[in-house]
Amino acid sequence: MKKRLIPFLALAALLTGCSDHKSTDISGVALSTEEIARSGIAPARIVRLDMAAAAVAGGNELPDSLGAPFARWMEMSEAADASPAEFASSRRIAAFLPDVAKVFTTEAADSLAMRLGRVFDVTGSPRKVYTIVSPYRQSIVLDGDSAVYVALNHYLGADHPAYEGFPDYQRRLKVPASIAPDVAEALLAAQCAEAEISDPAAPTTLERMLQEGAIVEGMMRAAGISEQQALGFTDAQMQWAVENQQRVWETMMTSKLLFSTDPDVADRLLNPAPSVPLINQAAPGRIGRFIGHRIVAAYLAGHPDADLTTLLWPKPLQAAQAILSESGYQGK
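Below is a short write-up of the structure. (Residues numbered from 1 in each chain as written. Predicted model: local features only at pLDDT ≥ 70, side-chain atom pairs only at ≥ 80, totals over all residues. Heavy atoms only, no water.)

## Side note on the nonpolar core
Reasoning step 1: In this structure, W73 and M252 are the most contacted members of the largest nonpolar core, which totals 88 residues.
Reasoning step 2: Top element by residues in this core is helix α11 (residues 205-223). It accounts for ten residues.
Reasoning step 3: In this structure W73 touches L49, D50, A53, F87, I93, I132, V133 and Y149, once residues within four positions along its chain are discounted. (Core = buried A, V, L, I, M, F, W, Y, C linked by side-chain atoms within 4.5 Å. Buried < 20%, exposed > 50% of the residue type's maximum accessible area, 1.4 Å probe, protein only. Helix = DSSP H or I, 4+ residues; strand = E, 2+ residues; numbered from the N terminus. Contact = heavy atoms within 4.5 Å.)

Next comes the structure, spelled out in structure tokens:
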């Protein structure tokens, strides 16, 4: 049990430190690598397994020090029976290696190391980072408590030919700047999953909204990004969400969506999508996450000693209702 509590306590300090946010102005400002460097935070340790794969494919031997993480990468790619050279030369891996090397230069990797160093420092979750190419859709893989694998081929730029078949709301986030927020989200979501294990009862939509709102706040602080960036909204989507916040909230209330335990309702409000017709055809996907964050931000503003576990997984129902009531949130 002690092992689980450490991350929660670290994040409690993180979110408590955000209590000066006001619900009327929480756009935030993205931090530069220079600002992160001035903070004295150590950069993350990044091991370029993608570069090692390129070398192996070219006929070089894999260093003994990379044998275990490389084998783990192969295992995750369902290629454990292949040799490192066979794996690195396979079409699903080799096809991306040149573009990955072109986009993620040494300078780009150094910048990423600074940003991930901040993520690990703020969340209290230091890990070694292994950069890879993945044949699957998952871009971030947490491996135990000590490592994270980042599939760089998922971040080659919105216009990369590999993403031509992706819908716009997914394609525009396939950029290097998404890596640090994605890692932060993965770490936060993993901690939420641990909380869920202790209380597996079906959550209400409100509970899931509060959980997602806490994740958004954590992403903002850990990755040094704005609310809009954490939500993945375009300028137009953010403007719509802000201008229609009251209407969205009233729809949720009058349609009795907040206390539904139907997971499909929460999924339609919170999952990535082109829009949320359940609310409005013009409502951007994840509009429920936007509202959830506004509630969390309002609550934190008035409760500097808030318990993070309550925000990440508010149980029982009365706890979620109390958070909503004490936040004073009424759609603005």
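Now that the structure has been shown, we can carry on.
## Focus on the pairing of strand β4 (residues 147-151)
Reasoning step 1: Among the five residues of β4, five are classified as buried, and the element is accordingly described as predominantly covered.
Reasoning step 2: Burial along β4 is two-sided: the residues A147, Y149 and A151 and V148 and V150 are all buried.
Reasoning step 3: Bridge count between strand β2 (residues 128-132) and β4: five bridges; the pairing is parallel. Across the sheet, Y130 pairs through a bridge with Y149, a residue of β4.
Reasoning step 4: As defined by bridge partners, strand β3 (residues 140-143) adjoins β4 across four bridges and the pair is classed as antiparallel. Considered in β4, the bridge of V141 is made with Y149. (Pairing = 2+ DSSP bridges.)

## Observations regarding the packing of helix α14 (residues 245-254) against helix α16 (residues 287-302)
Reasoning step 1: At a minimum axis separation of 11 Å, α14 and α16 run at an interaxial angle of 100°. It follows that α14 is roughly perpendicular to α16 by the angle criterion. On the side of α14, the interface is formed by Q245, V248, W249 and M252, while α16 contributes I287, G288, F290, I291, R294 and I295.
Reasoning step 2: Taken together, the residues of the contact of α14 with α16 break down into seven nonpolar, two polar and one charged. (Axes fitted to C-alpha atoms, helices over the stretch in contact; angles between N-to-C directions. Parallel < 35°, antiparallel > 145°, perpendicular 65-115°, else oblique. Nonpolar A, V, L, I, M, F, W, Y, C, P; charged D, E, K, R; others polar.)

## Things to note about the sheet that holds β4
Reasoning step 1: Taken in spatial order, the four strands line up as β1-β2-β4-β3 in an open sheet, and their pairing is mixed. The open sheet terminates on both sides in strands that have one partner only, identified here as β1 (46-48) and β3. Between one strand and the next, the sheet's axes are offset by a mean angle of 25°, whatever the strand orientation.
Reasoning step 2: Sheet strands in contact with helix α4 (residues 67-76) are β2, β3 and β4, and its direction is about 60° off that of β4.

## A closer look at the packing of aromatic side chains
Reasoning step 1: For the structure on display, the rule yields six aromatic pairs.
Reasoning step 2: Centroid distance W249 to Y329: 5.1 Å. Interplanar angle 85°. Geometry classified as edge-to-face. Residue W249 is located in helix α14, and its partner Y329 is located in the segment after α18 (317-327); the two are separated by 80 residues in the primary sequence.
Reasoning step 3: Relative accessible area serves as the criterion here: at 7%, W249 is assigned to the buried category.
Reasoning step 4: Among the aromatic residues, those joined into a ring-pair cluster are F70, W73 and F87.
Reasoning step 5: Across from the ring centre of Y163, 5.1 Å away, lies the NZ or CZ of K174, which sits over that ring. (Phe/Tyr/Trp six-rings, centres within 6.5 Å; stacked < 30°, edge-to-face > 60°. Lys NZ or Arg CZ within 6 Å of the ring centre and 35° of its normal.)

## What to know about the pattern of salt bridges
Reasoning step 1: Going through the model one piece at a time under the given rule, you end up with eleven salt bridges.
Reasoning step 2: With its nearest N and O atoms 3.9 Å apart, the salt bridge here joins R286 to E185. Remark: E185 occurs in helix α10 (residues 179-198) and R286 occurs in the loop between α15 (263-270) and α16; sequence separation between them is 101 residues.
Reasoning step 3: Sharing partners across several salt bridges, the network here consists of E185, E212, R286 and R289. (Salt bridge = Lys/Arg side-chain N within 4 Å of Asp/Glu carboxyl O.)

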